[in-house]
Structure formats: C-alpha cells, structure tokens
Amino acid sequence: MIPIPGWLIAFLTFPGIIVHEIAHRFFCDLRNVPVYEVSYFNFSRTPGYVIHGPINDLPSAFLISVGPLIINSLLCVIFTFSSFIPLVALGLGLRDAHWFSIVLMWFGISIGMHAFPSPHDANNFKELVKLHKKGFLLKTVSWIFVIIISIAHVLRVIWFDLLYAIGLSWVLPLLLGIV
C-alpha cells in the first residue's frame, strides 16, 4: 500500500474537514457550550479544530463529540444521491457523466470521509462517560459509540473512512430500490 501524506488527504477532502468542524460548532452552540477558538481548515497536523469550554453533562458531550457523525453522514447521503443516479444507476462512466455529478460525488464522499470524530474527540467523550454516574441507558449507548469510534479510527489504516463514505452513497439508492 502506498502511503499518502496527511496534508494531501486533507487538501483533497477539505470540504469534509470544514463540515466536521461546523458540526462541532453547531452542537456547542445548540447546547450553550462556549466556543473560544475555531479553525475550520488549515495545513497543520490538526487540519481543523474547535476549542470550547467545559462540558458538564453527558448528552451535551455526546452531541458535540458525535455531531460530525450525524451531520457529515447525512450530508454525504444527500450530496452523493443526486450524482449517484447518472453515474451508477444509469450506467454512465466518468467520461459520459456531467462534470457537476462528478463534483457532487467528490463533495459528498469528502464530507462522508470526515464523519467520524477524531481520536481527541473520542478520548474527551470517553473521559466524560467514565465520570457519568447515572442513566444506565445513556451510559450504555455512549459506551457503544466510544467503541464504534475507536474501531473506526483503528480501521482508518485500511481506508475505512473512504469505505464508509462510499457505503453511505449507496444507502439511499438501495433503500429506494434504484440499484
């Protein structure tokens, strides 16, 4: 397998990084958690981040940490669906497809590739789950998400984030019976 530099992946999938950080910011605002600094995209080791104040309750921590999984996944499905029909369902190749369909597919997949919370987000959430003492159901669901996020991060070495985004692009067409 040929290693690809992180900065190149960040450059090629920058819409996903931006939407990922917007999702964090959105859920911080929704849960009244103060935001001190935001970088929606840059070429550093951390291509985007949201620095926010302390989170005191598990539901807020859950939404802020898992927000990108919700928002990015939904937007991936929406953007790729409109390009899926001409590219796949009608059997057109990239050569025959309209450029706009190709751009929408790239846009949607790049957003979907950044759906999973970062290891930093997952660790912050895991620490809050450990401290949370009440609410068996919420704590159980939270632990399930911690495990899923951890597994997804480990599987990134085999391009799980790309496979996830491609899988999402097939969800709606399969449900609608287009494929």
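If you're wondering where the values come from, they're calculated on a predicted model, not measured in any experiment. (Residues numbered from 1 in each chain as written. Predicted model: local features only at pLDDT ≥ 70, side-chain atom pairs only at ≥ 80, totals over all residues. Heavy atoms only, no water.)

Caption draft 1: Region of the structure containing the pattern of salt bridges. Counted according to the given criterion, the structure contains three salt bridges. Residue Asp57 is joined to Arg31 by a salt bridge in which the shortest nitrogen-to-oxygen separation is 3.2 Å. Of the two residues, Asp57 is situated in the loop between strand S2 (49-52) and helix H3 (58-89) and Arg31 in the loop between helix H2 (14-30) and strand S1 (35-39); the sequence distance between them amounts to 26 residues. Residue classification places Arg31 among the partly exposed positions, given a relative accessible area of 32%. (Salt bridge = Lys/Arg side-chain N within 4 Å of Asp/Glu carboxyl O. Helix = DSSP H or I, 4+ residues; strand = E, 2+ residues; numbered from the N terminus. Buried < 20%, exposed > 50% of the residue type's maximum accessible area, 1.4 Å probe, protein only.)

Caption draft 2: Summary view of the side chain of Asn72. In this fold, Asn72 is placed in helix H3. Here Asn72 falls in the buried class, since its relative accessible area comes to 0%. Residue contacts for Asn72: discarding those within four places in its chain leaves Gly16, Val19, His20, Ala23, Ile111, Gly112, His114 and Ala115. (Contact = heavy atoms within 4.5 Å.)

Caption draft 3: Representation of unusual backbone geometry in the model. Phi is positive for Asn32, close to 60°, though the residue is something other than glycine. Tracing the sequence through the fold places Asn32 in the loop between H2 and S1. Its identity as a non-glycine residue notwithstanding, Trp159 has a phi of 65°, on the positive side. Inspection of the secondary structure assignment puts Trp159 in the loop between helix H6 (136-154) and helix H7 (160-175). When its relative accessible area of 26% is taken as the criterion, Trp159 is described as partly exposed.

Caption draft 4: Quick peek at a nonpolar patch on the surface. On the surface, Phe14, Trp99, Phe100, Val103 and Trp106 cluster together to form a nonpolar patch covering roughly 520 Å² of accessible area. Here Val103 is to be found in helix H4 (residues 99-112). Under the relative-accessibility criterion, Val103 is labelled partly exposed at 36%. (Patch = residues over 30% accessible without salt bridge, like charges linked within 9 Å, V, L, I, M, F, W, Y side chains within 5 Å. Areas by Shrake-Rupley, 256 points an atom, 1.4 Å probe, with all protein chains shown as cover.)

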